[in-house]
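Coordinate inspection notes
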Amino acid sequence: MKELYKPLFEPCTFPCGIEIDNRIIMVPMATKSSFENEMVTLDELAYYKRRTKGLGMVITFATRIEKYGSQPGSISIATDKHIQSLSKLANTIKSNGTKAILQIFHVGRMQTSIVEKRYFS
């Protein structure tokens, strides 16, 4: 291996003290495979289980934080009912020694038009 690439495979410690095994990170990818109630599916768990082996960190697909404005097939943290589902996802990712990062998503200025289309048309 070239000397240039060796740091990719060495542990890295962030200023906050969290250490990852290496600097290989899986960026967010839209699987769009969550249930309609925005809970994690077995397919998603299998997806992350297969892809996290050997990685230092994984950043999940955009996770909705508000009641309105979700992307189809995305997971949610908008209510406490989602905690168990998200725990399964985190544990699946961490079972390979990989750190799990939850990417959060807010619909922003588009929220008004989404609410209007759903509830006022």
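Residues numbered from 1 in each chain as written. Predicted model: local features only at pLDDT ≥ 70, side-chain atom pairs only at ≥ 80, totals over all residues. Heavy atoms only, no water.

**Comments concerning the sheet that holds strand β6 (residues 99-101)**
Rule in force here: Strands were regarded as paired on the criterion that DSSP finds at least two bridges between them. Strands are runs of DSSP state E lasting at least 2 residues, helices are runs of H or I lasting at least 4, and numbering of each runs from the N terminus.
Strand order in the open sheet made by the three strands is β3-β4-β6, with parallel pairing throughout. Of all the strands in the sheet, just β3 (25-26) and β6 have a single pairing partner and so form its edges.

**Re the side chain of T98**
Applicable threshold: The definition of a polar contact used here is a pair of N or O atoms within 3.5 Å, where within protein one atom must be able to donate a hydrogen and the other to accept one, and adjacent residues in sequence count solely through side-chain atom pairs. The contact definition used throughout considers only heavy atoms, calling two residues in contact when any of these lie within 4.5 Å.
Locating T98 in the fold gives a position in the loop between α2 (83-94) and β6. Reaching out from T98, the side chain makes a polar contact with the backbone oxygen of T52 at a distance of 2.7 Å. Looking at T98, its side chain comes within polar contact range of the main-chain oxygen of L55, at 3.2 Å. Among residues more than four places away in sequence, those in contact with T98 are T52, L55, G56, M57, V58 and I93.

**Brief notes about the nonpolar core**
Threshold: Residues grouped as a nonpolar core are buried Ala, Val, Leu, Ile, Met, Phe, Trp, Tyr and Cys residues, joined through side-chain atoms within 4.5 Å. Exposure classes here rest on a 1.4 Å probe applied to the protein chains alone. A residue is buried below 20% of its type maximum, exposed above 50%, and partly exposed in between.
By size, the foremost hydrophobic cluster in this structure holds 13 residues, and its most contacted members are M26, V40, Y48, V58, I75, L89 and I93. Breaking this core down by element, the ones donating at least two residues are α1 (42-51) and α2. When sequence neighbours within four positions are dropped, the list of residues in contact with Y48 reads M26, V58, T60, F61, L89 and I93.

**Thoughts on the packing of aromatic side chains**
What counts, and what does not: Two aromatic rings from Phe, Tyr or Trp, using only the six-membered ring of Trp, form a pair when their centres are within 6.5 Å; if the ring planes differ by under 30 degrees the pair is stacked, by over 60 it is edge-to-face, and anything between is tilted.
Overall, the coordinates contain one aromatic pair when judged by the stated rule. Centroid distance Y47 to Y48: 5.2 Å. Interplanar angle 90°. Geometry classified as edge-to-face. Exposure class is identical for Y47 and Y48. Each is buried.

**Side note on the side chain of T92**
The topology assignment puts T92 in helix α2. In this structure, T92 is in contact with L45, K49 and T52, ignoring residues within four places of it in sequence.

**Description of the pattern of salt bridges**
For clarity, the threshold we go by: Here, a salt bridge means any side-chain nitrogen of Lys or Arg that lies within 4 Å of a carboxyl oxygen of Asp or Glu.
Per the counting criterion, the structure on display carries one salt bridge. The salt bridge involving K6 is made with E3; its shortest N-O contact spans 3.2 Å. A relative accessible area of 59% means that E3 is categorised as exposed.

**Focus on the environment of F105**
Summarising the element assignment, F105 is placed in strand β7 (residues 104-105). Taking the relative accessible area as the measure of exposure, F105 reaches 23% and is therefore partly exposed. Along the backbone, F105 and E66 are 39 residues apart, and their C-alpha atoms lie at a distance of 8.5 Å.

**Points about the environment of I101**
Structurally, the position occupied by I101 is in strand β6. Spatially, the C-alpha atoms of I101 and F61 are 9.6 Å apart, while their sequence positions differ by 40 residues. Apart from residues lying up to four places away in sequence, I101 is in contact with M57, V58, I59 and T60.

**Side note on a nonpolar patch on the surface**
The condition that has to hold: Patches in this entry comprise residues that are over 30% relatively accessible and not in a salt bridge; like charges within 9 Å are linked, as are nonpolar side chains (Val, Leu, Ile, Met, Phe, Trp, Tyr) within 5 Å. In short, Shrake-Rupley with a 1.4 Å probe defines the accessible areas, and a residue's cover is counted only from the protein chains shown.
Taken together, the side chains of M1, L4, Y5, L8 and F9 make up a nonpolar region of the molecular surface, amounting to roughly 570 Å² of accessible area. Relative to the helices and strands, F9 resides in the segment before β1 (12-13). Note on F9: relative accessible area 47%, which makes it partly exposed.

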